[in-house]
Amino acid sequence: MIGKDTLPAEDEFDRSFKSLTDHAPFAWQRRLYMDWFQHGRIPQALDLPTGLGKTSVMAIWHLARQAGAPLPRRLVYVVDRRAVVDQATREAEKLKDVNADLRVSTLRGQYADNRDWLEDPAAPAIVVGTVDMIGSRLLFSGYGVSRGMRPYHAGLLGADALVVLDESHLVPPFERLLRTVERGQRGGDQGHRSIAAENEADRALIPSFRLLCLSATGRTEADSDVFRLEAADREDCVVRQRLEAPKRLTMHAVDGAAKPGKDELARALADAAWDLSDNEAAASTCLVYCDSRDVAEKTKKELDKLAVNIGKDATELLVGARRVRERSEAEKRLEALGFIAGKADTAMRDGPAFLVATAAGEVGIDLDADHMVCDLVAFERLVQRFGRVNRRGCKAAEIRLIVAHGPKPAPKKADKPTDREKREIVAWEINNAAKELLGKLPDASDRGGDADAKISDVSPDSLLTLKRHARDDACLARQIADATTPVPLYPALTRPLVDAWSMTSLDEHTGRTEVSPWLRGWVDDEPQTAVVWRTHFPVRPSDDATEEQNEFFRAAPPHLTERLETETYRVFDWLLARAKTVLKSHDVKADPTDAVDESAETAQYPPLGEETVVALALDHRGAVSESWPLSELINRKGDDFQKALAGRTLVIDARLGGLKDGLLDKKHNETPVTADSGDRLDGLDPGFRVQRSQADEPPPDRTVHSFVTRRSEEGEPTEFLHVQTLANETSRSVAANAQRLQEHLAETAKRARALGESLGLPEDYRRVLVLAARLHDEGKRAKRWQRAAGAPDFDHDYAKTTGPFRSNELNGYRHEFGSLPYVERDEEFAQLSPELQDLTLHLVAAHHGRARRPLIPTLGCDDAPPTALQARAREVALRFARQQERWGPWGLAWFETLLRAADQQASRDNDAPKGAD
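Residues numbered from 1 in each chain as written. Predicted model: local features only at pLDDT ≥ 70, side-chain atom pairs only at ≥ 80, totals over all residues. Heavy atoms only, no water.

Asks: Is there a simple way to think about the sheet that holds strand 23 (residues 703–711) in this case?
Replies: Sheet strands pair via backbone hydrogen bonds, and the direction of the pair is either parallel or antiparallel. As summarised here, the arrangement of the three strands in space is 22-24-23, forming an open sheet in which the pairing is antiparallel. Looking at the sheet topology across the chains shown, the edges are occupied by strand 22 (688–694) and strand 23. Here the average twist between neighbouring strands, direction ignored, is 20°. Examined bridge by bridge, strand 22 and strand 24 (residues 717–725) share seven bridges and lie antiparallel to one another. Counterpart to Phe688 in the pairing with strand 24 is Thr725. Contacting strand 22, strand 23 and strand 24, helix 20 (residues 546–555) runs over the sheet at an angle of about 140° to strand 23. (Pairing = 2+ DSSP bridges. Helix = DSSP H or I, 4+ residues; strand = E, 2+ residues; numbered from the N terminus. Axes fitted to C-alpha atoms, helices over the stretch in contact; angles between N-to-C directions. Contact = heavy atoms within 4.5 Å.)

Asks: Would you take a moment to explain the nonpolar core for this structure?
Replies: Across soluble globular proteins, nonpolar side chains have a tendency to be buried as a group. Counting 111 residues, the largest nonpolar core has Leu139, Phe174, Leu493, Trp501 and Trp890 as the members making the most contacts within it. The leading source of residues in this core is helix 33 (residues 889–911), at nine residues. Filtering out sequence-adjacent residues up to four positions away, Leu139 remains in contact with Leu177, Leu493, Trp501, Val515, Trp518, Leu519 and Trp890. By size, the runner-up hydrophobic cluster in this structure holds 43 residues, among which are Leu32, Leu46, Leu48 and Leu212. (Core = buried A, V, L, I, M, F, W, Y, C linked by side-chain atoms within 4.5 Å. Buried < 20%, exposed > 50% of the residue type's maximum accessible area, 1.4 Å probe, protein only.)

Asks: Would you mind showing me how to read the layout of surface pockets here?
Replies: Where empty space is left becomes clear once a probe the size of a water molecule has been rolled over the atoms. A volume near 1,100 Å³ is recorded for the second largest pocket. Elements that contribute at least two residues to the lining of the second largest pocket include exactly helix 12 (293–306), strand 10 (315–318), helix 13 (324–337), helix 21 (568–584), strand 20 (659–660) and strand 21 (663–664). Looking at the lining of the second largest pocket, its residues break down into nine nonpolar, four polar and 22 charged. (1 Å grid on protein atoms, 1.4 Å probe; cavity = no way out; pocket = protein on both sides within 12 Å on 5 of 7 lines; lining within 4 Å. Points joined across faces, edges and corners; volume = space filled by probe spheres on them. Nonpolar A, V, L, I, M, F, W, Y, C, P; charged D, E, K, R; others polar.)

Asks: Help me understand the pattern of salt bridges, please; the structure alone is not making it clear to me.
Replies: A side chain with one charge may pair with a side chain of the opposite charge, provided their charged atoms come close. Applying the stated rule across the entire model yields 51 salt bridges. Put simply, Lys300 and Asp304 hold a salt bridge, and the shortest N to O gap is 3.0 Å. Here the residue Lys300 and the residue Asp304 both occupy positions in helix 12, the gap between them amounting to four residues, near one helical turn. Given a relative accessible area of 19%, Lys300 falls into the buried group. On the basis of relative accessible area, Asp304 is assigned to the buried category, the value being 11%. Between Glu828 and Arg774 there is a salt bridge, with its nearest N and O atoms 3.2 Å apart. Taken together, the residues span a long stretch of sequence, with Glu828 in helix 30 (residues 827–830) and Arg774 in helix 27 (residues 763–775) at a distance of 54 residues. Through salt bridges that share partners, Asp291, Glu362, Asp375, Arg381 and Arg385 make up one connected network. (Salt bridge = Lys/Arg side-chain N within 4 Å of Asp/Glu carboxyl O.)

Asks: I keep staring at the packing of aromatic side chains and nothing clicks. Help me out?
Replies: When we look at a pair of aromatic rings, we describe it by the centre distance and by the angle of the planes. One pass over the full model with this rule turns up 16 aromatic pairs. Ring geometry for Trp533 versus Trp574: centroids 5.7 Å apart, planes at 75°, classification edge-to-face. Taken together, the residues span a long stretch of sequence, with Trp533 in strand 15 (residues 528–534) and Trp574 in helix 21 at a distance of 41 residues. Seen from their ring centres, Trp785 and Phe805 are 5.8 Å apart, and the 65° between their planes marks the pair as edge-to-face. Taken as a pair, Trp785 in helix 28 (residues 783–789) and Phe805 in the loop between strand 26 (798–800) and helix 29 (815–824) lie far apart in primary sequence, 20 residues in all. You can call Phe805 buried: its relative accessible area is 16%. One aromatic cluster is present, formed by Tyr765, Trp887, Trp894 and Phe895 through successive ring pairs. Its guanidinium or amino end placed over the ring of Tyr822, Arg825 lies 5.1 Å from that ring's centre, counting from NZ or CZ. Over the aromatic face of Phe817 sits the side chain of Arg872, whose NZ or CZ is 4.8 Å from the ring centroid. (Phe/Tyr/Trp six-rings, centres within 6.5 Å; stacked < 30°, edge-to-face > 60°. Lys NZ or Arg CZ within 6 Å of the ring centre and 35° of its normal.)

Asks: Even after reading the chapter, I still don't get the pairing of strand 10, so can you show me in this structure?
Replies: Along any regular strand, the residues point their side chains to alternate faces of the sheet. With burial as the criterion, each face of strand 10 is covered, one bearing Thr315 and Leu317 and the other bearing Glu316 and Leu318. Of the strand pairs in this sheet, strand 10 and strand 11 (residues 353–357) are connected by four bridges, and their pairing is parallel. Residue pairing in the sheet places Leu318 in a bridge with Ala357 of strand 11.

Asks: Sorry, what's going on with empty space enclosed by the protein here?
Replies: All chains considered together, the criterion is met by three cavities of 30 Å³ or more. Taken together, Leu761, Tyr765, Val768, Leu769, Leu839, Leu843, Phe895 and Leu898 make up the lining of the second largest cavity. Taken together, the elements giving at least two residues each to the lining of the second largest cavity come down to helix 27, helix 31 (834–845) and helix 33. No other element matches helix 27, which puts three residues into the lining of the second largest cavity. Considered class by class, the residues forming the lining of the second largest cavity number eight nonpolar, no polar and no charged.

Here you go:
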């Protein structure tokens, strides 16, 4: 492996690259390293055809960093939300297999976040995530992230990070957002107040944020910082083979009425795919792309009919809105059918196989097939689809692609088209422009003929040539623009917006808005709802428990591994159908408290009743906004109910069923496996456990929250749901091993010192970090806190106990607020400059993310009179404003992560089994 501070020759790079990837580098990969990365230079974009290994950027970055190149410590690889098979994570894991010091985390898909990237800000890490997961975290609004942890995530993504945006042409608003952050971090933001530190010296202390866009279709600006293939790069035989991979396209008009419906289109797609398989005679693979999920489902049914003699296992459906647990199973199935690139030899079929896919199979998934049939969509999407056929250029058989198209849609009232009809007409005009553009590609046959009979060459090289000509031909460039999905309108990023988002401690803020328009623009998408099934439901008969429910979901929040996200109208139809089915079943009782068997088995699953609450809606904060008993679901009005579901996370009692193969199914009655049932969804750990127990049973170890599900007639609790949380920022005080306060403070200071040295912080700032670490938890000395934490004895002060933690005894007390007077009285603190004192106090106040709002709570703190406490709280708020102004939102958040990381590292050490290394 390459040593530090060396600039290796080409042969040394080749050897190191091969040791990481198991194959020699292409010429373009070597050039990207030698001319760019090893010097700390990053191009604006890589504009390369699909199939040439753009994910190798991770390996090139890793080798350059090992050689001492001044590149960010974290590489954040962003893919579009529709991707299913996480190729990028597998590539990153290969690097980790060779170098164990590299941390790899994924914020989506089957590789749910293992939090490795959060543990050490000084360690090299690769983070893979979707546009929504990464973008929301960067803007202090992380989906599925607690308010206290949002600045932590933002700090690690907004500083010392290289964001690699794959398929950047799909999300122009997000690309523009990232570019604005990159330029703004350097001190200027298109006329707005800078989103970085105030002066150059302070900006130099914050590690840089950089952006690299990857695109195979090219909306990329044509300037000198775009990295493209050069003539020498094509001399590689493998590159040439992939560029010239034969792909022969024909256009097919769909027969039927003036406006072919979904049934006609589905039959046309299925028939064309079946014909390409030579009526089951050939052992081939065929991709069938459909723009609509409804058409995709109908097409699969049509193919199942045609393939009746070879069995339904010859066809597979790949759509979005599938639970992560079932996504991993789908990947295994695609590999078995021979659709994963480079794994055709593992296929388990000797006959034809068909994969029907929506946009979920267009990007971010390494599919490879012999043939393809699809409906007509915009040009950039067609390019993606073509790239999933003969991907490596080594298919021996004739490769054929068919694009089905229909006539221009006609509105029912020609003079008064509806909004939907207008959108359909606009979409058809874009798609038709794509059809005309395809007609300009070279003829792949020896004969002429009309446009519909023409066989076009859609190899990567042919498409690349078209793009190259467009750079010099304004007319052709306009044609490509007309055939491409228009960039949606999107809002500008301003400092006041970022400041509002960064006040993460506030439940609500009048200046804070949903971040989605900054990620994807203003798009006319259907409202979405996420659905989560739970075995243990935090409800009890005839009692308002909303605040307790909120605490419960803060301790056991919906996790990526258990979410299913789809259109709200689908959830609405499905939920009502399931409610009607369950209400008709003989298991439902009029009164859920009748004839309850108190045995241990049935206590886990009490019977459903008509008034049993089976659905809870969580808002964007994770708080319960509404709840519905079983009988009430079928009486809800459609429009009002859909509004209540839109943009929400719907938590469903698992006994309602309705999940099959990871998709919503109105007729499926089986109870699904859930994240809180102890099965971990095939090893994917949500980070919490839920256990039901009776009042006479002791709570499990490390319980951080207990929800009362039943009470006696006298009002005493008789049954609980206990949440056991694996150590995280919100539950660090409950640990596997009790630890005295002084020991924890000393260990945190030791970790802070090492972290400051690893990051190369100037000596003054190392002192600040160590001092804040040495004093950050002094407020835990308060007797109120010791009682709430369940301290083993009151002769010593404890930082960690084995729980349970009784938060109600705190009366709102925040120990970080109580730590501030200890800091101000410290002798070493008095020796700091006023500016460094200000930063030290802020780091202590914010080490649980609670000091990012106008006023920190003073409740429960009794170390000073109320007027003095109010003055202290005001100063916390003013200090946050001063530090935010000085360092910028991401710079300040990055500083906060350093203390919080040291604190967490010390806590993990304490959690380790005694005697472990």
